[in-house]
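In case you want the letters, here they are:
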Amino acid sequence: MKARNEDTKRFEQLILPHLNAGHNLARWLLRDATAVQDVVQESSLRAFAAIGRFADGNARAWFLTIVRHQCYSWLKQSGGKHYVDIDDEAAMQEQDKLALSHVETPELLAARMQNAAAMQIALEVLPVPFREVIILKELEELSYKEIAVVTGVPIGTVMSRLARGREMLKKELLRNDQ
């Protein structure tokens, strides 16, 4: 019983702070709100079950690795057929808060929202390996080393995918801008 309590405390300390990051990664990889919830829940259960074996290290990268593996398992099981638009309700709520701010004019707010929508559309068309490194680097602010741990590829591959992904993203944004 004491070991279980220690595992619970350790899980709460090490993993719970990174649930949003796991949710964000799953959301971008899966693009299916129901699957995201299932994958993050399953990943959390797996992390909890293995928390006693987790050696001191980067808990965020460890948890995101679990989430990533669960996402790929889900994509494999679904045959890649589940590509549903992202339910971005949380982001919209945040945008609504900013809209209430007196700092932004309606024109600036509209331009910012249009740019964010264009970026989301462009990100969604990228192949998953490129999309995931961009998400992990730009949105989750992981280092190259942490991304290499999460994705299980060498740092050079991370850097290559990031460069190629950014180039694809740029081309997609320019194509959509025309």
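Refer to the preceding data block for the structure.
All of these numbers come straight from a predicted model, not from anything done at the bench. (Residues numbered from 1 in each chain as written. Predicted model: local features only at pLDDT ≥ 70, side-chain atom pairs only at ≥ 80, totals over all residues. Heavy atoms only, no water.)

Peer 1: Can you walk me through the side chain of R27 in this structure?
Peer 2: Among the structural elements, R27 can be located in helix α2 (residues 19–30). What makes R27 buried here is its relative accessible area of 15%. (Helix = DSSP H or I, 4+ residues; strand = E, 2+ residues; numbered from the N terminus. Buried < 20%, exposed > 50% of the residue type's maximum accessible area, 1.4 Å probe, protein only.)

Peer 1: Explanation requested: helix α7 (residues 128–139) in the structure shown.
Peer 2: Spacing of three or four residues puts side chains on the same side of an α-helix, whose turn is 3.6 residues. Turning to α7, its buried residues are V128, F130, R131, E132, V133, I134, I135 and L136. Of the residues flanking the end of α7, it is E141, one or two places downstream, whose phi is positive at about 55 degrees.

Peer 1: Would you explain the pattern of salt bridges in this entry?
Peer 2: Think of it this way: side chains of opposite charge can pair up when their charged atoms draw near. Throughout the structure, instances matching the rule amount to five salt bridges. Among the salt bridges present, the one from E132 reaches R68, with a minimum N-O distance of 2.9 Å. One end of the pair, E132, is in helix α7; the other, R68, is in helix α4 (residues 59–78), and 64 residues separate them in sequence. Take E132: its relative accessible area is 0%, and that puts it in the buried class. Between E138 and R166 there is a salt bridge, with its nearest N and O atoms 2.1 Å apart. With a gap of 28 residues between them, E138 in helix α7 and R166 in helix α9 (residues 155–177) connect regions that are remote in the sequence. Owing to a relative accessible area of 39%, E138 belongs among the partly exposed residues under this scheme. (Salt bridge = Lys/Arg side-chain N within 4 Å of Asp/Glu carboxyl O.)

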